[in-house]
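Working through the structure, step by step
Okay, here's what each chain looks like letter by letter:
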Amino acid sequence: MDGLLIDSEPVWYDVESEVVTRLGGKWSHEHQAACIGGTLDASCRYILEVTGSSVSVGELTELLLTGMVEHFRAGLPLHTGALELVDAVRSRGVPTALVSSSYRILVDAALDRIGTERFDVAVVGDEITRGKPDPEPYLTACEKLGVDPAACVALEDAASGVQSAEAAGCVVVAVPSVAPIEARPNRPVMSSLTDIDVDWLLALPCS
C-alpha cells in the first residue's frame, strides 16, 4: 500500500520527522529509506535506536499511527495510475489482495477513501506473526484468496516486500519508491505504475 498504491512515503517522512524531533533527534531521508517496506515495530525500534529515547515501542507506535490517520483523513495522496491498474485487473475477473506492513487502522482509513470493493483480501501488519521480508504476508494473502502463490503476481516498491513475495513463490514486478531495487531476468523493474500494461501484466509467466 505505502509507496505503491498510496504516495504515503512523504507523509510517513513528515510524521516520523515530527515525532523524532519531539523525541530530541533528527530524521533524514536515509533514515526513512532504512524503514521502507518493513514492519512498524521494526521502524519504531529503529527510531528509538536513532534517538536514544526512553519511550516504549507501544507509545511510539501510537504517536505514529495517530499522526498518519490524521493525514489520511485530511487527504489521501494516490500514486498516478494506481487505481486505474487495479480496476483494469479486476475488470478481467482477476482477484486482488492488498498486502501491507501498515496496521489495520491505516489500511482501513485508506480503503474507506479508495473503496474496499477494489480488493478481495487485505493482509495487514498487525494481524500476522512475521512481517515482510518473511513470506508469511503473501502466503496468507494467497491462502485467503484460495490461489497458488506460483500463479500470482505481486507488485512491490520495497526490497523487503520483494523478498517476502518471492520467498512465498510469487512472481514480482518491482516499482521502486525510495530505495532502488535490482532488476533480474524474472523480476522486471518499472519506473511507474503508468508504464505497466494490464495485458503485459496478466501475461507474465507464472508457474
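The following paragraphs examine the structure supplied in this document. (Residues numbered from 1 in each chain as written. Predicted model: local features only at pLDDT ≥ 70, side-chain atom pairs only at ≥ 80, totals over all residues. Heavy atoms only, no water.)

This part is about the pairing of strand 4 (residues 171–174). Taking every second residue as pointing to the same face, both faces of strand 4 are buried, with Val171 and Val173 on one and Val172 and Ala174 on the other. In this structure, strand 3 (residues 153–156) lies alongside strand 4, joined through four bridges in parallel fashion. By the bridge assignment for strand 4, Glu156 is matched with Ala174. Each parallel crossover has a hand, and for strand 3 linked through helix 8 (residues 159–168) to strand 4 it is right-handed. (Buried < 20%, exposed > 50% of the residue type's maximum accessible area, 1.4 Å probe, protein only. Helix = DSSP H or I, 4+ residues; strand = E, 2+ residues; numbered from the N terminus. Pairing = 2+ DSSP bridges. Right-handed = clockwise from strand over helix to strand, strands pointing away.)

Let's shift gears to the packing of aromatic side chains. All told, the structure shown has one aromatic pair when counted by the stated rule. Considering the side-chain rings of Trp27 and Tyr46, the 6.1 Å spacing of their centres and the 70° angle between planes classify their relative orientation as edge-to-face. Highlighted residues: Trp27 in the loop between helix 1 (9–22) and helix 2 (29–35) and Tyr46 in helix 3 (residues 40–51), separated in sequence by 19 residues. Under the relative-accessibility criterion, Tyr46 is labelled partly exposed at 23%. (Phe/Tyr/Trp six-rings, centres within 6.5 Å; stacked < 30°, edge-to-face > 60°.)

So, on to the environment of Lys132. You can see Lys132 is positioned in the loop between strand 2 (121–123) and helix 7 (136–145). Each C-alpha atom of the pair Lys132 and Glu166 lies 11 Å from the other, and the pair is 34 residues apart in sequence. Excluding its chain neighbours within four sequence positions, the residues that come into contact with Lys132 are Gly37, Gly38, Thr39, Val99, Ser100, Ser101, Pro137, Tyr138, Glu156, Ser160, Gly161 and Ser164. Within polar-contact distance, the side chain of Lys132 engages the backbone oxygen of Val99 at 3.0 Å. Only 2.8 Å separates the side chain of Lys132 from the side chain of Glu156, close enough to count as a polar contact. (Contact = heavy atoms within 4.5 Å. Polar contact = N/O pair within 3.5 Å; in protein donor to acceptor, adjacent residues only side chain to side chain.)

Our next topic: empty space enclosed by the protein. Using the criterion set out here, one finds one cavity of 30 Å³ or more in the structure. Lining the largest cavity are Thr39, Ser100, Ser101, Gly125, Ile128, Gly131, Lys132 and Pro137. Across the lining of the largest cavity, the residue classes break down as two nonpolar, five polar and one charged. (1 Å grid on protein atoms, 1.4 Å probe; cavity = no way out; pocket = protein on both sides within 12 Å on 5 of 7 lines; lining within 4 Å. Points joined across faces, edges and corners; volume = space filled by probe spheres on them. Nonpolar A, V, L, I, M, F, W, Y, C, P; charged D, E, K, R; others polar.)

Core analysis: the largest hydrophobic core is formed by 50 residues, its most contacted members being Met1, Leu5, Leu60, Leu64, Phe72, Leu98 and Ile196. Among the elements of the structure, helix 1, helix 3, helix 4 (57–74), helix 5 (82–91), helix 6 (104–114), strand 4 and helix 9 (198–202) are those that each provide at least two residues to this core. Sorting elements by how many residues they give to this core places helix 4 first, with seven residues. Not counting residues within four places of it along the chain, the set of residues in contact with Leu64 comprises Trp12, Val15, Glu16, Val19, Leu40, Cys44 and Ile47. Formed by 16 residues, the second largest nonpolar core is a distinct cluster that contains Val99, Val123, Ile128 and Ala141. (Core = buried A, V, L, I, M, F, W, Y, C linked by side-chain atoms within 4.5 Å.)

All right, on to the packing of helix 7 against helix 8 then. Contact pair helix 7 / helix 8: the axes reach a minimum separation of 7 Å and the direction vectors enclose 55°. Of the possible angle classes, the one that applies to helix 7 and helix 8 is oblique. Judged by the sense of rotation from one axis to the other, the crossing of helix 7 with helix 8 is right-handed. In contact with Pro137, Tyr138 and Leu139 of helix 7, helix 8 contributes Gly161, Ser164, Ala165 and Ala168. (Axes fitted to C-alpha atoms, helices over the stretch in contact; angles between N-to-C directions. Parallel < 35°, antiparallel > 145°, perpendicular 65-115°, else oblique. Left-handed = near helix turned anticlockwise from the far one by under 90°.)

A cis amide bond links Lys132 with the next residue in sequence, Pro133, at an omega value of 15°. Examined against the element boundaries, Pro133 turns out to sit in the loop between strand 2 and helix 7.

Here we come to the environment of Gly169. With respect to the helices and strands, Gly169 occurs in the loop between helix 8 and strand 4. Not counting residues within four places of it along the chain, the set of residues in contact with Gly169 comprises Pro149 and Ala150.

So, about the environment of Asp7. Turning to its location among the elements, Asp7 is positioned in the segment before helix 1. Considered as a pair, Asp7 and Leu78 are 71 residues apart in the sequence and their alpha carbons are 5.3 Å apart. With residues near it in sequence (within four places) discarded, Asp7 still touches Pro77, Leu78 and His79.

Turning next to the packing of helix 1 against helix 4. As a packed pair, helix 1 and helix 4 sit with axes 10 Å apart at the nearest point and diverge in direction by 140°. In terms of their interaxial angle, helix 1 and helix 4 are classed as oblique. Our pair here, helix 1 against helix 4, has a crossing hand that is right-handed. For the pair helix 1 and helix 4, contact is made by Val11, Trp12, Val15, Glu16, Val19 and Arg22 and by Leu60, Leu63, Leu64, Gly67, Met68 and His71, respectively. Of the residues assigned to the contact of helix 1 with helix 4, the class counts are eight nonpolar, two polar and two charged.

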